[in-house]
Structures are given as structure tokens and as C-alpha cells.
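Residue-level structural notes
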Amino acid sequence: METEVDKEILKSSGAELLPDGRRGLRIHGWEIETLRGTILTSLAVEEWESKLQTSHLPEMVFGENALVLKHLGSNTKIHFNAFDALAGWKQEGLPPVEVPAAAQWKFRSKPSQQVILDYDYTFTTPYCGSEVIEKDKEAQVERKANTKGEGSLQWENCEDQIDLAALSLKEPILFYDEVVLYEDELADNGVSLLTVKVRVMPSSWFLLLRFWLRVDGVLMRLRETRMHYVFGKDETPTVLRENCWREATFQSLSAKGYPVDLAVYSDPSSISQRLPVIKQTTQKLKIPRKV
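These notes cover the structure that comes with them. (Residues numbered from 1 in each chain as written. Predicted model: local features only at pLDDT ≥ 70, side-chain atom pairs only at ≥ 80, totals over all residues. Heavy atoms only, no water.)

Moving on: the pairing of strand β11 (residues 190-200). Regular strands place side chains that alternate from one sheet face to the opposite one. Across the 11 residues that make up β11, a large majority, eight, are buried. Where strand β10 (residues 175-184) folds back onto β11 in an antiparallel hairpin, the turn is made up of five residues, including Leu 186, whose phi is positive at roughly 50°. (Buried < 20%, exposed > 50% of the residue type's maximum accessible area, 1.4 Å probe, protein only. Helix = DSSP H or I, 4+ residues; strand = E, 2+ residues; numbered from the N terminus. Pairing = 2+ DSSP bridges.)

Here it is, written out as C-alpha cells:
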């Protein structure tokens, strides 16, 4: 949930809350905002299915929810939303996880219809964010991260690492919020959940985009994107991005001696280190001060 911060702390940190009841703040040339709305209406679902060329969407899609980070000097906007995430799911097109009851889970409302499960019902996405360079209110040049995690705004592979020690230092949290983009409970047989969290401190901002999948008794999958920006550190503003994909079957975890009690696996943070790393990359984005 969003935090409440003393106005004096905000002022001394060079930050100010966004006006007009908006959720977020401005700080050191950045405008950081979270947006929330209701789940998609039936009409909106039809529109999204048409645009995505699919007849399947998660049970709960929060189409109006978003996290937006805008660098005011260059009009570069990094943002996170459900539509682009589902576009990544559709493009990646993973095969469905092999579960005998899966067809009944997703098509239980049509028991008389023969079903061939030919899509990824877990809604796993390679999405790691979207980018836009806003030229003006009428014209925008959109830049979206592709399925390989390489954005067209010149994300460069690098050896740098996010300074976790600096992030663990005790300093005021000026703004914190978590936004759900979509969720599906797999007919009470697990969970598929995409969320994004943001934390703003006097020294930096940090975010975590997390896709968490648990198919009970079968598979766990965790895909995380972390971004970190330190205020005033470099002459050229630079965002650091780390992507880490982890995955394991319940069977493999059991073979290693880990308990398979579902209560243990309800929180991905508590078991992430038990899941082997499948893919890991680190990239940086240099943002021009002016367009």
C-alpha cells in the first residue's frame, strides 16, 4: 500500500507529492506515479481479445492499473501495464504445462464441448517493461521491450549489478506502492500473478516486476525484473535493470529434500532461492537529459 510521509521529509529530500489526488511524487527530475482501476469489463475483455488475437485472458485483468516513471528532462517514460505483458505472453507462446486436469480448469463452463488445450493457460510472460519517448501530447514514439528483454531504447548488456547493500540502508521511504496487473487462480489449482512494486527513497528509486506461477504439485516459475536508479550519481542518467528467471518442478524440489507443503510455497520471496536460475541478464539504459 502507498505510504504516508511527513511533508518536511519530502521537502528536505527534494520531493513533492503529485497534485490533484494523483498517487505518486516528483523527485530530482522524475515523476513517479501508480494508477489503479477495476478489472476489465466484459466489453473490454472482448476488445483485448480481438487486439491480442486470442480467446483467453486471465480471470482478473486490471487494465487500468499501471506504474509510470517519467524522466522529465528527456520525456522518457518507463511504464508497466497488463496489455503489453499479455502481448508478451501471446508472442512467447509457451506450450501448456502438462497437467491432466488442465482442460477442465479452464473450460469447466463448457463441459459438453470437446477441448484441445493448445495455449499457455498459465499466462507466463517475458515482459520486463515498456518505454515511450513522448514528443508532445499528440505524437509519441513508442519503444517496447521485446521478448528477449532488449528494449529499443538502447538497453545495453553490462557487468554492473544493482547495489543491494545500498538498498538495505535505513533511509526514509518517500513513496511505496504495489500494483497488480493480472491474476488467475487456475481454478483453485495454483496461482498466476503479475505485480509491480516501486519504492522511492531520498537517494534512489527501485522497482520489482514479478511474475509468479505455482501449478500445485507440478511446477513453480518465478520471473523477476528489478530496476534501480540513483539520483545524481552520473552525468548521464542511467537506469540499471536485472532480469532473473527461476523455475523448478515440485518433483525436483522434493528430490532435494525440500518440503512440498503448499503453505510453504505461498510466498515467492520465501522460496525464490530454492528455485534454480534459468536465465539471468543485467542491462543499463542511458537516458539523454533532453530530447
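For the coordinates displayed, the defined rule picks out eight aromatic pairs. Taken together, a centroid distance of 6.5 Å and an interplanar angle of 80° make the contact between Phe 80 and Tyr 127 edge-to-face. Placement of the pair is Phe 80 in strand β6 (residues 76-81) and Tyr 127 in the loop between α4 (102-107) and β7 (130-134), with a sequence separation of 47 residues. Both residues of the pair, Phe 80 and Tyr 127, belong to the buried class. Note on Tyr 229 and Phe 231: the rings are 5.8 Å apart at their centroids and 65° apart in plane angle, and the pair reads as edge-to-face. Residue classification places Tyr 229 among the buried positions, given a relative accessible area of 7%. The ring of Trp 245 carries the charged tip of Arg 223 above its face, separated from the ring centre by 3.6 Å. Sitting over the face of the ring of Trp 245, Lys 279 holds its NZ or CZ atom 4.6 Å from the ring centroid. (Phe/Tyr/Trp six-rings, centres within 6.5 Å; stacked < 30°, edge-to-face > 60°. Lys NZ or Arg CZ within 6 Å of the ring centre and 35° of its normal.)

The next point concerns the pairing of strand β13 (residues 219-230). For β13, a buried count of 10 out of 12 residues is recorded, marking the element as mostly surrounded by other parts of the structure. Direction of pairing for strand β12 (residues 204-215) relative to β13: antiparallel, over a ladder of 12 bridges. Residue pairing across strands places Leu 213 opposite Arg 221, the latter belonging to β13. Taking the residues between adjacent antiparallel strands as the criterion, β12 and β13 are bridged by three residues, where Gly 217 takes a positive phi near 80°. Summarising the sheet, β13 and strand β14 (residues 238-249) pair through 10 bridges and their orientation is antiparallel.

No statement about biological role is implied by the geometric values presented.
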